[in-house]
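Chain by chain, the residues run as shown.
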Amino acid sequence: MAGRFEQRPTRTTVRGGHVVVPAPRSAAAEETGRTREWVPPWPLDLGLVLGPLRRGPADPTFRATPDGSVWRASLTPVGPGTLRVSARAGVVRGQAWGPGAEWLLDRLPQLLGEADDPDAFEPRHRLVAMTRHRRPGLRLTRTGLVLESLIPSVLEQKVTTDEAYRAWRLLVRKYGVPAPGPVEGRMFVMPEPRVWSLIPSWEWHRAGVDNKRASTILRAVRVARRMEEAVAFAPVAAQERLEVVAGVGPWTSAEVVQRSHGAADAVTVGDLHLPGIVGYALAGDRDADDSVMLELLEPYAGQRHRAARLILLSGRTPARRHPKMPRGDIGLL
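Residues numbered from 1 in each chain as written. Predicted model: local features only at pLDDT ≥ 70, side-chain atom pairs only at ≥ 80, totals over all residues. Heavy atoms only, no water.

Participant: Looking at this structure, how should I read unusual backbone geometry?
Facilitator: The phi torsion of most residues other than glycine is negative, and most of the peptide bonds are trans. Even without being a glycine, A89 presents a positive backbone phi close to 55 degrees. Here A89 is to be found in the loop between β4 (79-88) and β5 (91-97). By relative accessible area, which is 83% here, A89 ends up exposed. The backbone of K158 shows a phi angle near 60 degrees, a positive value even though the residue is not glycine. Tracing the backbone shows K158 in the loop between α6 (147-155) and α7 (161-175). (Helix = DSSP H or I, 4+ residues; strand = E, 2+ residues; numbered from the N terminus. Buried < 20%, exposed > 50% of the residue type's maximum accessible area, 1.4 Å probe, protein only.)

Right under this line is the structure:
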């Protein structure tokens, strides 16, 4: 029966997938902020590039609007900022508000993949080559921010996607600050490290976050400065820095540097679904484990994350046989 129905997206397919950015419509009058225009010398798909930064359809820090724009609310090193990005006729326009506006605009090209080098990737499988051809606008984002990816990645450890997204949404809305700019209170900037450290234990519980994940986040925010320093490191060294924090392992650190560094080789190991998806797509082996996945991705050494991302975007995933993980909510206990 499973083959008759469209498969529900798993955590890995959501991350590797594409945020649907509506087609641009005529622009209405907008409140002014700091602006920057930039012309990328390659095709650009905002949904593909920025999609991995969205933590669920109701993420309070991310919005895709009907005018074809993507909005992000970020906690930058100089304070909160809101960034609106749109692309029309090959020209990218960024608008930003708040204390972090200038910081966000300065790094707009890197956010949209300027530091990425997709030409270094050579497809070794027909499926991968076809997906790459069909997705010319794919580049790997680089946010230059660690905690904004680390905290939600910790929330996603060992739980369903819906549970993790709900926890992120509840905590950011309750303890974050309203995003600056014309967002009408519908977006929030994630809390500062000190605010995370002061969240009462019962509020973690109400958000469905167990003590293990909450404690990992608390340990990370206590050394927030050291975590953010990892942006200046090479991806492998950055992962080593992050994994010094108890509770942050290879799965979490890879998920972070994929976003903060645009790390093309940071393949996610320890994932519940990814090995089976890669194994099925490349070798017809839906029961592949991490060792098999890494062996199949070995021809893409240096570009393994990009290869995995293209495999996820191909849509070639095994039909679900049975639920792998039950959904729960410890906040109801």
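Participant: Would you mind showing me how to read the sheet that holds β4 here?
Facilitator: Backbone hydrogen bonds hold the strands of a sheet together, and the pairing may be parallel or antiparallel. Spatially, β1-β5-β4-β3-β2 is the arrangement adopted by the 5 strands of the open sheet, whose pairing is antiparallel. The open sheet has two edge strands with one neighbour each: β1 (34-38) and β2 (62-64). Across the sheet, the mean angle separating the axes of adjacent strands is 20 degrees when strand polarity is ignored. Sheet topology note: the β4/β5 ladder contains 7 bridges and is antiparallel. Looking at the pairing, V85 lines up with G94 of β5. (Pairing = 2+ DSSP bridges. Axes fitted to C-alpha atoms, helices over the stretch in contact; angles between N-to-C directions.)

Participant: Just to check I follow, could you spell out the confidence of the model for the chain for this structure?
Facilitator: The predicted structure's coordinates, where accompanied by low pLDDT, should not be read in detail. Here the chain shows a mean pLDDT of 91. Residues at 70 or above account for 87%. Residue range residues 23-30 is modelled with pLDDT below 50. Its contacts to residues more than four positions away, or to other chains, number 13 contacts. (pLDDT = per-residue confidence, 0-100. Contact = heavy atoms within 4.5 Å.)

Participant: In this structure, what is going on with the nonpolar core? I would like to understand it.
Facilitator: Core analysis: the biggest nonpolar cluster contains 43 residues, and L150, M190, W196, W204, V209 and I217 have the highest contact counts within it. Put simply, the parts of the chain that give this core at least two residues each are β3 (70-76), α6, α7, β7 (188-189), α10 (211-222), α11 (224-229), α12 (235-242) and α13 (250-260). In contact with L150, not counting residues within four places along its chain, are A220, M227, V248, T252 and V256. In terms of nonpolar packing, the next biggest core, distinct from the first, is built from 21 residues, V19, W38, L46 and L105 among them. (Core = buried A, V, L, I, M, F, W, Y, C linked by side-chain atoms within 4.5 Å.)

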